Amino acid sequence: MVNRALADTDTYLVSVTVSKANSIFVTLDSDSAVTIDRCVEVSRFVEDNLDRDVEDYELSVSSAGIDDPLVIRRQYLKYIGQEVAIVIGDAPSRIFRLDGISDEVLELTEVIDKKYGRLVKKTMGEKIDISISSIKEIRPYVKL
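Just so it is clear, the model here is predicted, and its values are computed rather than measured.

**Looking at the overall build of the chain**
Then, number 1: Along its length, the chain carries three helices and eight strands.
Then, number 2: In sequence order, the chain lays out its α and β elements as α-β-β-α-β-α-β-β-β-β-β.
Then, number 3: Scaling as 2.2 N^0.38, a compact globule of 144 residues should have a C-alpha radius of gyration of about 15 Å, whereas the chain reaches 19 Å, well beyond that.
Then, number 4: Seen through its C-alpha atoms, the chain measures out along the principal axes to roughly 65 × 30 × 30 Å.
Then, number 5: For the chain, the residues scored as buried account for 31% of the 144 residues in total.
Then, number 6: Sequence separation of at least 24 residues holds for 48% of the intrachain contacts in the chain that already meet a minimum separation of 6.
Then, number 7: By element, 50% of the accessible surface of the chain is carried by carbon and sulfur atoms, the whole surface being about 9,300 Å².
Then, number 8: Each charge sign in the chain was given a centre, from 19 positive and 26 negative side chains, and these centres are 10 Å apart.

Written out as C-alpha cells, the structure reads:
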C-alpha cells in the first residue's frame, strides 16, 4: 500500500513495523529529501485504504533520520562518496568513506583522524571490500 502511494516519486519505503497494539510505524527515505508533505500524503493514503471499523490502529509515518542505520541497499547508494560509521561484529565503530557497492559487497576506504595537538587531520587509510552480511550496523557519519 505504501509503495503504491510512493509510485512515480523518488521516495521509497525503508520499513513498516506493526506492534501487538496495532501501532503501525512507517519509515520512508528519498534520493533527495523526504518532506513533511510527503509523509502526510502517505499517511492519508494508508488511512483511506484501511477500514477503522474493521481494525483499530495508530499510524505513524516518518523519514529515516540522519542518525538512523541504513537498512536497504538503495539507502547505501545515497551515501556513496560520503563517510559512514560501520560496526562489524563486536568491534567498535570505525569510519569509512563509502566508495561503491556491488551485489552484496561495500567498497570502502578507511578514514583515519590523526591528531597534532588540537589540530586533527583526516587521512585516508586502506581500501577494503566488506560483505554487507558481515556488517552489524552502518550509519551516516556525522561529526559533532
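**Notes on the sheet that holds strand S8 (residues 135–140)**
Then, number 1: The antiparallel open sheet is built from five strands, whose spatial order is S7-S6-S5-S4-S8. The open sheet has two free edges, formed respectively by strand S7 (119–131) and S8, since each of these has just one partner strand. Each strand of the sheet is rotated relative to its neighbour by a mean of 35°, with strand direction disregarded.
Then, number 2: Across eleven bridges, the pairing between strand S6 (residues 105–116) and S7 is antiparallel.

**Description of the pattern of salt bridges**
Then, number 1: One pass over the structure, following the stated rule, counts ten salt bridges.
Then, number 2: Taking the shortest distance from any N to any O, the salt bridge between aspartate 99 and arginine 97 comes out at 2.5 Å.
Then, number 3: Given a relative accessible area of 26%, aspartate 99 falls into the partly exposed group.
Then, number 4: Across the pair arginine 139 and glutamate 137 runs a salt bridge, and its minimum N-O distance is 2.8 Å.
Then, number 5: By relative accessible area, glutamate 137 is classed as partly exposed at 29%.
Then, number 6: When salt bridges with common partners are traced through the structure, they connect Arg97, Asp99 and Lys127 into a single cluster.

**Examining the environment of leucine 59**
Then, number 1: Here leucine 59 shows up in strand S3 (residues 58–63).
Then, number 2: Placed 58 residues apart in sequence, leucine 59 and glycine 117 show a C-alpha to C-alpha distance of 51 Å.
Then, number 3: With residues up to four places along the chain from it excluded, the contact list for leucine 59 reads Ile24, Val26, Ser43, Val46 and Glu47.

**Let's talk about the environment of arginine 139**
Then, number 1: In this fold, arginine 139 is placed in strand S8.
Then, number 2: For arginine 139, a relative accessible area of 27% translates into the label partly exposed.
Then, number 3: Residues arginine 139 and aspartate 103, 36 residues apart in the sequence, show an inter-C-alpha distance of 19 Å.
Then, number 4: For arginine 139, the residues in contact, after removing those within four places along its chain, are Asp67, Asp68, Pro69, Val84 and Ala85.

**Digging into the side chain of threonine 11**
Then, number 1: Checked against the element boundaries, threonine 11 lands in strand S1 (residues 11–18).
Then, number 2: A distance of 3.4 Å separates the side chain of threonine 11 from the side chain of arginine 38, its partner in a polar contact.
Then, number 3: Those residues in contact with threonine 11 that sit more than four places away from it in its chain are Leu6, Leu28, Asp29, Ser30, Val34 and Arg38.

Basis of the calculations
Residues numbered from 1 in each chain as written. Predicted model: local features only at pLDDT ≥ 70, side-chain atom pairs only at ≥ 80, totals over all residues. Heavy atoms only, no water. Helix = DSSP H or I, 4+ residues; strand = E, 2+ residues; numbered from the N terminus. Rg over C-alpha atoms; globule rule 2.2 N^0.38 Å. Buried < 20%, exposed > 50% of the residue type's maximum accessible area, 1.4 Å probe, protein only. Contact = heavy atoms within 4.5 Å. Areas by Shrake-Rupley, 256 points an atom, 1.4 Å probe, with all protein chains shown as cover. Lys, Arg positive; Asp, Glu negative; His and termini not counted. Charge placed at Lys NZ, Arg CZ, Asp CG, Glu CD. Pairing = 2+ DSSP bridges. Axes fitted to C-alpha atoms, helices over the stretch in contact; angles between N-to-C directions. Salt bridge = Lys/Arg side-chain N within 4 Å of Asp/Glu carboxyl O. Polar contact = N/O pair within 3.5 Å; in protein donor to acceptor, adjacent residues only side chain to side chain.

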